[in-house]
Amino acid sequence: MKLSQSTLDSILSTSPEISSEAGPSLSGYDGVASTNGHANGHVYPVMTNGSSSGLGGGHKHGKGIARVSLPGATISDDSLINREEFIRLIVQSLRDVGYIESAATLEAESGYTMETPQVTQFRQHILDGMWSKAESALRYLCIADEDGLLDAKFLINEQKYLELLEAGKTSAALQVLRNELAPLNVDSDHLHTLSSLIMCSEPEDLRRRADWDGASGVSRHRLLSKLHDYIPSSVMLPQKRFPILLQQAIEYQRHQCLYHNLPSDGGAFSLYSDHYCPSDEFPTITTTILESHKDEVWNLEWSHDGRYLATAGKDKSAIIWRVGVPGSSSPDWSLHAVLEDHPHAVNSVAWSLDDLVLVTSAEQYIKMWNTKTGVCIRTLEGGHVETVSSLAWLQDGSGFFSAGLDRKIILWNSSGVLKEEWPLAPMRITDMALTPDNTRLVAIGLDVPPQDGTPSRGAASLDGTSSATNPLLSLGSSKGTNRLVVYDTSSKQPVLSMRMEGELTSVKVMHNSQYALINHAPDILYLYDIRNGRLSGKFIGQHQGQHIIKSCFGGVNGTFVASGSEDGNVYVWHRETGTLLEVLPGHGQGSVNSVAWNPTNGRMFASCSDDSTIRIWEAPHSTLPHEPRTQRLDGLGNGISNGKGKGKLSELSEIVAILTRSMNH
């Protein structure tokens, strides 16, 4: 806003230097201690008429600052940015970072001031806990309507009430409740909630029940943010407005960067140039081919520390591989343990929280393995009567869930003892996932008609043909209806249930516990917001009609979605836009059944296939530019070069695959 002539004259004249230290006042008003901790106490010195905003004005040596008059109202002829708004935001930012003299100088030179003295005083009254003065100052802040003014008064007195309770001044707090809050005609339920806080015996209990961090936290700054909803932004600038605008610009560039796969610590961004992640830093090259399985590989999962990979399949075994460390003296992968003795094909694996136990399932049997020794700890029987389709450990490591085609959901403790069995699900469960916050269990499967409460075994495959290969293919005909159910883990009751046409074969939950990724046959992946019960996105391109395909989230913060396909390729999309980024060839004949991203290395993922192999994909820069190192391991952990046979691509085919990708880009 424009400086008055008297204020401008004062800035341009000599005045004594005033301390510009930021921090809370040591004295308070309204019976509440004004100290609000270091987090609440960034203070702007109060502006008064005839002073230079109390900021020194840049005239310490008695030299005046000439005001600069510029034509137009924008910062340049080709800009739409208003000059006054721009200058006021810069002044605010300079003050925030401590350049008080520079801020005052800019105000004097431009003729614009960040805010009026009344706004500065109001802000300081809030930060110092001068509640009566803050309430009185509201009338100067251009609040548009009477209801808004009442709401603002309520917020101020609510903070006053809570701080009095925290200070143990119950009688004074009760007076505020009766005489200042109740007459404002607020919601009666909210008023009742506030009155119940009087019963809190300890400040910690008060802060917990009120979801409030107290006078020594950032509660007063949060109050200022809430008050901004009623005070025009042109009158009182939102806090840290310029850095927020810059952060929004950074976020926009990140969203526009389809290959963004860097930590969100800000180190990868510079204000000097637009952000861009080149595609050659994305994992598109096969650096290792693991060959030890004797038949189709159906599933794989990384350990939580990203150092081991468990794979399982049709050959009745699960294998634990140890990850090579790029750049180390021993960068190659190694076969860590072969977990045999399964009576049937292995279709599911799950790591315990500490990675010391691996749970596997084969038909209705569940086995627990010591991952260090490869010894079977226990075989769990009696829980399921049909194929166990999925396993998922609790995030606290106290146990794990199993779910199967028999519609059962069972919770086992960490020792493998059956803890509880949930009510039968309304569908034959083909996959299940637990949210990282342990509050929701997401299950998918073939809907069971009410008149057919007990599904029969040995049904048809997705296309209606007989299948005795993978028991999870026994899902019913393509005309059947599938269902997505989201359970509350505490009540064991569904909070969301949706019928869907087509076959649902895989579900994965994002790290934020909000989104579920679901493979759907034919040929589509769905992204569901399970908190709000709505479809958030879909991914098209891969092929799925007859087989179980498992997908995953990948990269830093789940930026990507990856899936196998019946055409033998791996497909990768940008999660937020649905853009298909990569189609990666390399596997042999048959389906790519599952894809899993390394949880600690955003530039590495694995895929497994009907060709009996597992491929490790990494960024090209981790190998030679045009000659990617491809390591092959047999069942003894020995390296094999240029192997022949099913699933073993020759060196020529590897080069062809790379050239094919290059031509596609």
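Before going into details, it helps to say that this report is about the structure given with it. (Residues numbered from 1 in each chain as written. Predicted model: local features only at pLDDT ≥ 70, side-chain atom pairs only at ≥ 80, totals over all residues. Heavy atoms only, no water.)

1. A word on empty space enclosed by the protein
Gaps left between atoms show up when a probe the size of a water molecule is rolled over them.
Step number 1: Evaluation of the coordinates by the stated rule reveals three cavities of 30 Å³ or more.
Step number 2: Looking at the second largest cavity, its volume works out to about 40 Å³. (1 Å grid on protein atoms, 1.4 Å probe; cavity = no way out; pocket = protein on both sides within 12 Å on 5 of 7 lines; lining within 4 Å. Points joined across faces, edges and corners; volume = space filled by probe spheres on them.)

2. Here we look at helix 4 (residues 100–110)
Along an α-helix, a turn takes 3.6 residues, which lines up residues three or four apart on a common side.
Step number 1: What helix 4 keeps buried is the set Ile100, Ala103, Ala104, Leu106, Glu107, Ala108 and Ser110.
Step number 2: Gly111 lies just past helix 4 and shows a positive phi near 85°. (Buried < 20%, exposed > 50% of the residue type's maximum accessible area, 1.4 Å probe, protein only. Helix = DSSP H or I, 4+ residues; strand = E, 2+ residues; numbered from the N terminus.)

3. Here we look at the pattern of salt bridges
Step number 1: A complete count under the given rule lists 20 salt bridges for this structure.
Step number 2: In this structure, the salt-bridge partner of Arg499 is Asp447, at a minimum N-O distance of 2.7 Å. One end of the pair, Arg499, is in strand 17 (residues 493–501); the other, Asp447, is in strand 15 (residues 440–447), and 52 residues separate them in sequence.
Step number 3: Residue class for Arg499 comes out exposed when judged on its relative accessible area of 56%.
Step number 4: The network of salt bridges with shared partners includes Glu251, Arg254, Arg575 and Glu576. (Salt bridge = Lys/Arg side-chain N within 4 Å of Asp/Glu carboxyl O.)

4. Thoughts on the packing of aromatic side chains
Step number 1: Overall, the coordinates contain 16 aromatic pairs when judged by the stated rule.
Step number 2: Measuring from centroid to centroid gives 4.7 Å for Trp597 and Phe605, while their planes differ by 35°, and the two rings are tilted.
Step number 3: When its relative accessible area of 0% is taken as the criterion, Phe605 is described as buried.
Step number 4: Taken together, the ring pairs in this structure connect Tyr259, Phe282, Phe560, Trp597, Phe605 and Trp617 into an aromatic cluster. (Phe/Tyr/Trp six-rings, centres within 6.5 Å; stacked < 30°, edge-to-face > 60°.)

5. Remarks on the environment of Val495
Step number 1: Positionally, Val495 belongs in strand 17.
Step number 2: Residue class for Val495 comes out partly exposed when judged on its relative accessible area of 46%.
Step number 3: Along the sequence, Val495 and Arg531 sit 36 residues apart, while their C-alpha atoms lie 9.3 Å from each other.
Step number 4: If sequence neighbours within four positions are ignored, Val495 has contacts with Arg440, Val486, Tyr487 and Asp488. (Contact = heavy atoms within 4.5 Å.)

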